[in-house]
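# Close look at the chain arrangement
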Amino acid sequence: MSLERPKRQQYVTEEGVDYDAIERLLGEHVLGRETHLNAEGFVIRPDEVQDVLFALRDEAGFDHLSVVTAQEYADRYESIYHLKKYDDPTQEVSVVVPTSKDDPVSQTAEPVYRTADWHEREAYDLVGIEYEGHPDPRRILLPETWQGHPLALDYDQDRPQIVTLAEHQNPIAEDHYDSDTETMFLNIGPHHPATHGVLHLKTVLDGEQVVDVDPDIGYLHRCEEQMAQNGTYRHQIMPYPDRWDYAPGGLMNEWGYARAAEDLADIDVPEYAQVIRTMGAELCRICSHMLALGTFCLDIYGDFTAIFMYAMRDREKVQNLLEDLTGSRMMFNYLRLGGVAWDLPEPREEFFEKTRDFLDDLPEATQEYHDLITSNEIFQIRTVDTGVLDPETAKQYGATGPVARASGIDYDLRRDDPYGYYPELDWDVVTEDGRDNYARLLVRMREVEQSARIIEQCIDLLEDWPEEDREIQSNVPRTLRPDPDTEIYRAVEAAKGELGIYIRADGTDKPARFKIRSPCFSNLHTLPEMSEGEYVADLVASLGSLDIILGEVDR
Amino acid sequence: MVLPLQEVLLPDRIADLTGLGQFGALGEFVAAFLAAFVIANLMLAMSGVAGPWAKRKITAAFTDRIAVNRIGPFGLLIIPAAAVQLLAKELIIPEGVDRPAYDLAPLVIASSAMLGFAVIPMGSGIHLADPETGLVVVFAIASIASLGLATAGYASNNKYSMLGGLRAVAQNVAYEIPLIVTAASVVIFAGTLQMSEIVAVQAEPLFSVAGVSIPSWYAFVNPFAFVLFMAANLAEVGRNPFDVPEAPTEIVAGYQTEYSSVYFVLIYLGEFLHIFLGGAIVTTLFLGGPAGPVLPGIVWFIIKIWAIFLFTQWARSALPRVRIDQLIEIGWKGMLVLSFANLVLTAIIVGVFIA
């Protein structure tokens with residue numbers, strides 16, 4: 001079968017994707033071409049979405065649907081499918097699907113990419129585009145009873161949303177008891193010790209085994225995209241990313257926005273600032289992975305056990321370092337477009353020493369974790385071969401980050417789509433082939449070691465950096481007004497995976513559309529695949545191993 | 001075999017001391033009631049110390065924290081504070097609960113654990129009753145608790161409680177058999193079910209090391225049975241790795257989800273009493289009961305059951321919880337087989353070498 005297929009390389013030249021070849025592949029489906037800053041966009045008819053995406057996936061090898069961006073223009077609606085390859089995420093292509101104002105109906109992409117299910121639900125929910133053939137066309141973030149679509153242009157912001165108690169679906173009240181079956185419907189959440197935030201899992205149990213699970217999200221939706229659209233590029237957007245993944249993945253989130261906006265406005269970042277950013281991001285990654293490790297064990301051990309507090313203890317040290325660096329423990333607001341807010345704390349020697357002390361203690365702490373958890377037999381029987389996510393399914397769901405890497409997908413944007421100072425440093429991408437809860441834990445533990453390697457090298461670099469070259473910010477105009485109708489999608493490797501930002505500029509100092517691709521959103525979507533057929537205890541463990549932050553899922 | 005005569009039981013002693021003995025059956029009843037009152041309060045006091053204070057302090061020590069230290073020396077006054085706070089809370093009774101059963105369950109859980117102490121010899125003459133079938137009585141009483149758990153789970157009209165109740169029953173059935181079979185191996189050694197005699201037999205010296213005589217505690221005589229019993233006991237009292245019926249991160253404390261205020265206190269108390277009762281059984285069967293040098297018997301007894309309490313808390317801090325199917329598998333395929341092997345082996349050893 002595969003022999004008949006044209007070679008995938010045929011759509012690639014040395015500069016990257018051969019967009020002309022792709023245009024020939026898509027043939028008459030293509031209505032026009034748009035140039036986005038990250039990739040070419042092919043405009044297609046709304047009823048040919050599946051044909052085009054199937055061709056791009058199967059013939060040209062674009063196996064990763066990063067995100068679906070929906071937006072409304074004065075004269076049309078538009079869905080953009082941002083496609084990438086897991087093998088090489090620098091190869092990107094966008095599929096732009098305009099739909100008319102009167103009848104915003106577009107064909108669903110769900111049969112091609114499973115992840116489109118949730119992304120299109122969000123597009124319907126917030127913008128109002130309908131997707132024909134969608135298996136589950138419900139709202140996803142807002143309540144079922146919500147009136148209107150908040151990111152649509154004619155949406156009346158001042159209109160009160162009167163959702164009476166009777167109208168509002170009370171997730172606790174309904175009982176799906178069916179006397180013909182022997183299954184039990186169980187609401188796990190919205191308030192439950194193991195949901196790591198406000199998440200509601202509609203679960204159907206057969207005895208103790210999970211028959212069906214449907215994550216219900218949106219309890220923590222805070223209109224982050226809309227708030228970003230109401231802020232100016234230069235300073236007003238940067239505080240928000242800290243509040244997406246508050247684990248804290250703050251600096252990595254900020255970098256996600258910074259990377260997109262800097263490429264959009266063509267801003268250079270001085271090398272010195274890049275090193276500081278790289279170091280800060282990796283400190284955040286350690287913090288985030290420590291929390292993930294602690295809470296995952298909490299789900300398996302129950303109650304507040306030793307390992308949770310040990311993980312907190314080490315996370316605390318990193319937070320002290322981050323506080324020294326940025327002045328804050330969670331809501332950093334430290335990155336600026338074109339650099340960072342300020343230089344390392346004075347006296348610099350003290351900061352280096354503290355960081356080195358932490359790095360020196362880390363191997364011992366890691367060994368302690370291995371003694372306590374990974375080598376524990378009970379822990380192993382609980383986690384090995386539970387919550388299995390095979391790589392093909394993971395790709396279908398757009399899983400990224402440690403979740404994908406634990407399924408053996410060698411995908412890390414720090415290496416594959418280089419940014420910051422990562423290409424200059426010596427470190428490895430961690431993958432595991434276990435595909436299970438245990439592998440996901442191992443990946444995080446090993447990534448902490450790699451992050452420590454990166455930080456160490458950054459510290460060495462910063463220590464020897466000549467004093468006169470310590471440029472922390474490049475020259476950036478006070479008001480940024482990127483050219484109208486420039487569009488960009490840029491992603492960074494956050495602690496949870498690919499954190500992408502899509503920005504469309506309209507010539508003003510605020511983005512016309514600001515879309516966040518949250519890694520947790522896509523990763524959480526894999527939960528039913530992992531846990532159906534397993535025990536409810538494994539469902540809880542799998543949820544913990546996904547390491548979701550609801551602030552980022554719901555935005 | 002001539003055994004040293006056990007001390008007079010506590011009711012008799014009270015009857016003698018107060019002169020209640022001369023009032024016949026009524027006097028004996030009042031004396032027995034007073035004795036039970038003393039022992040119950042001792043156990044309640046220990047649970048009171050264990051629940052709000054010792055458990056927190058122990059867990060904190062294991063997890064690098066400080067825990068309660070604001071009120072009183074070492075935070076000890078948290079005990080009355082927690083008691084007032086818990087009892088002052090509103091007793092919320094959810095709609096649709098199965099009323100008499102819902103109210104009875106906490107009482108059953110707390111009282112069944114309490115009742116077990118009646119036959120435990122605690123040393124210094126603190127021993128309420130000493131029937132010939134003492135060991136059987138204590139196991140029979142302790143297993144009433146599963147009835148309470150199942151009732152609580154079923155009557156609460158809550159799915160999590162239901163799951164917790166079912167888990168509790170499955171677990172108790174699976175682990176009570178190995179527990180009792182292992183205890184039976186001790187009975188084979190001791191040749192009696194009477195608690196005071198089991199303790200007395202263990203007082204005999206096993207061997208001497210440099211002039212120090214090591215008593216023939218069954219933990220030394222048959223360490224395998226001891227380990228087995230300790231493991232089964234963890235399941236019996238529902239502590240990690242066998243805290244499946246509660247499993248806060250899975251089924252939100254299971255059968256006790258819907259209980260608040262006094263009912264919650266009763267269930268919580270019942271749990272701690274149960275841990276101490278488990279400790280008391282282990283102490284009596286394997287650790288020579290209240291025996292020990294210098295200090296009076298009751299002090300040794302309390303030290304021993306607190307040591308076992310400490311062990312359960314250690315397991316709670318350090319060990320992951322097994323899954324329900326794994327728990328059942330370990331119980332039926334592992335513990336049961338091992339405990340029967342132990343029983344047969346003990347029978348052979350006793351029959352061939354000792355008899």
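Owing to the predicted nature of the structure, the values given are computational and were not obtained by experimental measurement. (Residues numbered from 1 in each chain as written. Chains lettered and ligands numbered in written order. Predicted model: local features only at pLDDT ≥ 70, side-chain atom pairs only at ≥ 80, totals over all residues.)

### Observations concerning the overall build of chain B
Of the regular secondary structure elements, chain B holds 14 helices and 2 strands. Here the C-alpha radius of gyration of chain B, 21 Å, is about what a compact globule of 355 residues would show, namely 20 Å. C-alpha extents for chain B along the principal axes are approximately 60 × 55 × 40 Å. Expressed as a percentage of the 355 residues in chain B, the buried residues total 49%. Expressed as a percentage of contacts within chain B between residues at least 6 apart in sequence, the contacts between residues at least 24 apart total 75%. (Helix = DSSP H or I, 4+ residues; strand = E, 2+ residues; numbered from the N terminus. Rg over C-alpha atoms; globule rule 2.2 N^0.38 Å. Buried ≥ 20, exposed ≤ 12 C-beta atoms within 10 Å, placed from the backbone. Contact = placed C-beta atoms within 7 Å.)

### What to know about the overall build of chain A
Scanning chain A for helices and strands turns up 17 helices and 17 strands. Taken over the C-alpha trace, chain A has a radius of gyration of 23 Å; the compact-globule value for 555 residues is 24 Å, and the two agree within 12%. Seen along its three principal axes, the alpha-carbon backbone of chain A occupies a region of about 65 × 60 × 60 Å. Counting the 555 residues in chain A, one finds 52% classified as buried. Pairs at least 24 apart in sequence give 67% of the contacts found in chain A among residues at least 6 apart.

### Let's talk about the domain arrangement of chain A
Residues and elements named next belong to chain A. Domains assigned within chain A are domain 1 (8–132) and domain 2 (224–554). Each of domain 1 and domain 2 has a C-alpha centre, and these two points are 27 Å apart. Tallying the contact residues gives 19 residues for domain 1 and 27 residues for domain 2. Here the element with the most residues in the side of domain 1 that touches domain 2 is strand β5 (residues 64–72); it accounts for 6 residues. Among the residues forming the side of domain 1 that touches domain 2, the class breakdown is 7 nonpolar, 9 polar and 3 charged. (Domains from an automatic or database assignment. Nonpolar A, V, L, I, M, F, W, Y, C, P; charged D, E, K, R; others polar.)

### Comments concerning the UniProt feature "domain: NADH:ubiquinone oxidoreductase 30kDa subunit" (unreviewed entry) in chain A
If you check UniProt for "domain: NADH:ubiquinone oxidoreductase 30kDa subunit" (unreviewed entry), the listed places come out as residues 43–159 of chain A in our numbering. Taken end to end, residues 43–159 of chain A has its terminal C-alpha atoms 35 Å apart, with 19% of it in helix and 30% in strand. (UniProt positions renumbered as here; feature names shortened; annotations may be inferred.)

### Some details on the confidence of the model for chain B
Parts of the model with low pLDDT should not have their predicted coordinates read in detail. Residues and elements named next belong to chain B. Taken over all residues, the pLDDT of chain B has a mean of 84, while the share at 70 or more is 97%. Scored below 50 in pLDDT, residues 1–5 shows 3 contacts in the model against residues more than four places distant or in partner chains. For this predicted complex, the interface confidence comes out at an ipTM of 0.79, alongside a pTM of 0.85. (pLDDT = per-residue confidence, 0-100.)

### Brief notes about the environment of Leu327 of chain B
Residues and elements named next belong to chain B. Position of Leu327 among the secondary structure elements: in helix α14 (residues 324–354). As for Leu327 and Pro241, which are separated by 86 residues in sequence, their C-alpha atoms are 8.9 Å apart. Discounting residues that sit within four places of it in the chain, Leu327 has contacts with Gln171, Phe242, Val244 and Val322.

### Things to note about the pairing of strand β3 (residues 30–35) of chain A
Residue and element names in this part refer to chain A. Bridge count between β3 and strand β4 (residues 40–44): 5 bridges; the pairing is antiparallel. The residue of β4 that forms the bridge with Arg33 is Phe42. Here β3 folds back onto β4 in antiparallel fashion, the turn holding 4 residues. (Pairing = 2+ DSSP bridges.)

### Topic: the interface of chain A and chain B
Listed per partner, the contact involves 28 residues of chain A and 24 residues of chain B. When residues of the side of chain A that touches chain B are traced back to their parent elements, those giving at least two are β10 (184–188), α6 (271–301), α7 (306–326), α9 (377–383) and α16 (536–546) of chain A. Each residue belonging to the side of chain A that touches chain B can be placed in one class, and the counts come to 18 nonpolar, 4 polar and 6 charged.

### Things to note about unusual backbone geometry
For the bond running from Glu346 of chain A to Pro347 of chain A, omega is -5 degrees, close enough to zero to count as cis. Here Pro347 of chain A lies in the loop between β14 (339–340) and α8 (348–374). Residue Ser261 of chain B is not a glycine yet carries a positive backbone phi of 50 degrees. The topology assignment puts Ser261 of chain B in helix α12 (residues 261–286). Owing to 15 C-beta atoms within 10 Å, Ser261 of chain B belongs among the partly exposed residues under this scheme.

### Considerations on the environment of Arg167 of chain B
Residues and elements named next belong to chain B. Position of Arg167 among the secondary structure elements: in helix α7 (residues 159–190). Residues Arg167 and Gln313, spaced 146 residues apart in sequence, show a C-alpha to C-alpha distance of 21 Å. Beyond its immediate sequence surroundings of up to four residues, Arg167 is in contact with Val244, Pro245, Gly254 and Ile324.

### A few points about the sheet that holds strand β11 (residues 200–206) of chain A
Residues and elements named next belong to chain A. Spatially, β10-β11-β12 is the arrangement adopted by the 3 strands of the open sheet, whose pairing is antiparallel. Among the strands making up the open sheet, the edge pair consists of β10 and β12 (209–216). When strand polarity is set aside, the average angle formed by the axes of neighbouring strands in this sheet is 20 degrees. One ladder, built from 5 bridges, connects β10 with β11; its direction is antiparallel. Residue pairing in the sheet places Ile188 in a bridge with Leu201 of β11. (Axes fitted to C-alpha atoms, helices over the stretch in contact; angles between N-to-C directions.)

### Some remarks on α16 of chain A
Burial within α16 of chain A is extensive, with 11 of its 11 residues counted as buried. Count one or two residues on from α16 of chain A and you reach Asp547 of chain A, which has phi positive near 55 degrees.

### Details of the sheet that holds β3 of chain A
All names here are of chain A. Pairing is mixed in the open sheet, where 5 strands are placed in the order β3-β4-β7-β6-β5. Looking at strand neighbours, the two that pair on one side only are β3 and β5, the edges of this open sheet. For this sheet, the mean inter-axis angle between neighbouring strands, taken without regard to orientation, is 25 degrees. In this fold helix α2 (residues 49–59) packs onto β4, β6 (76–84) and β7 (92–100), with an angle of close to 175 degrees to the strand it touches most, β7.

### Observations concerning helix α10 (residues 223–236) of chain B
All names here are of chain B. Over its 14 residues, α10 extends 19 Å from the first C-alpha to the last, a length consistent with the 20 Å expected when each residue adds 1.5 Å. Summarising burial for α10: 10 of the 14 residues are buried, a large majority. Those residues of α10 lying buried are Ala225, Phe226, Leu228, Phe229, Ala231, Ala232, Asn233, Leu234, Ala235 and Glu236. (Expected span 1.5 Å × (residues − 1).)

### Some words on the packing of α12 of chain B against helix α13 (residues 297–318) of chain B
Packed helices, taken two at a time, are described by their axes: the angle between them and the distance between them. Residues and elements named next belong to chain B. In the contact formed by α12 and α13, the axes pass within 8 Å of each other and the chain directions differ by 120 degrees. Here α12 is positioned oblique relative to α13, judged by the angle of their axes. Here α12 and α13 pass one another in a crossing that is right-handed. In this structure, α12 contributes Ile275, Phe276, Gly278, Gly279, Ala280, Val282 and Thr283 to the contact, and α13 contributes Phe301, Lys304, Ile305, Ile308, Phe309 and Thr312. Looking at the contact of α12 with α13, its residues break down into 8 nonpolar, 4 polar and 1 charged. (Parallel < 35°, antiparallel > 145°, perpendicular 65-115°, else oblique. Left-handed = near helix turned anticlockwise from the far one by under 90°.)

### Overview of the nonpolar core
The biggest cluster of nonpolar side chains holds 258 residues, and the ones touching the most others in it are Val95 of chain A together with Phe276 of chain B. Residue contributions to this core peak at 19 residues, all from α6 of chain A. If you count residues domain by domain, this core takes at least three from each of domain 1 (8–132) and domain 2 (224–554) of chain A. Contact partners of Val95 of chain A, with chain neighbours within four places excluded, come to Phe42, Ile44, Val52, Leu53, Tyr81 and Leu83 of chain A. (Core = buried A, V, L, I, M, F, W, Y, C linked by C-beta atoms within 7 Å.)

### Describing the UniProt feature "domain: NADH-quinone oxidoreductase subunit D" (unreviewed entry) in chain A
Residues annotated by UniProt as "domain: NADH-quinone oxidoreductase subunit D" (unreviewed entry) correspond here to residues 305–555 of chain A. Annotated as 50% helix and 11% strand, the span residues 305–555 of chain A places its first and last C-alpha atoms 31 Å apart.

### Some thoughts on the packing of helix α2 (residues 24–62) of chain B against helix α3 (residues 78–88) of chain B
Residue and element names in this part refer to chain B. In contact at an axis separation of 9 Å, α2 and α3 are set at 90 degrees when each is read in the N-to-C sense. Looking at the two axes, α2 sits roughly perpendicular to α3. Contacts between α2 and α3 pair Gly48, Val49, Pro52 and Trp53 from the former with Ile78, Ile79, Ala82 and Ala83 from the latter. By residue class, the composition of the contact of α2 with α3 is 7 nonpolar, 1 polar and no charged.

### Concerning the environment of Thr326 of chain A
Residue and element names in this part refer to chain A. Relative to the helices and strands, Thr326 is located in helix α7. For the pair Thr326 and Ile80, spaced 246 residues apart in sequence, the C-alpha to C-alpha distance is 36 Å. Setting aside anything within four residues of it in sequence, one finds Thr326 in contact with Phe332 and Tyr334.

### Overview of the confidence of the model for chain A
When the pLDDT values of chain A are averaged, the result is 86; 95% of them are 70 or greater. Below a pLDDT of 50 lies the segment residues 1–7 of chain A, which in the model reaches 1 contact outside its immediate sequence neighbourhood of four places, other chains included.

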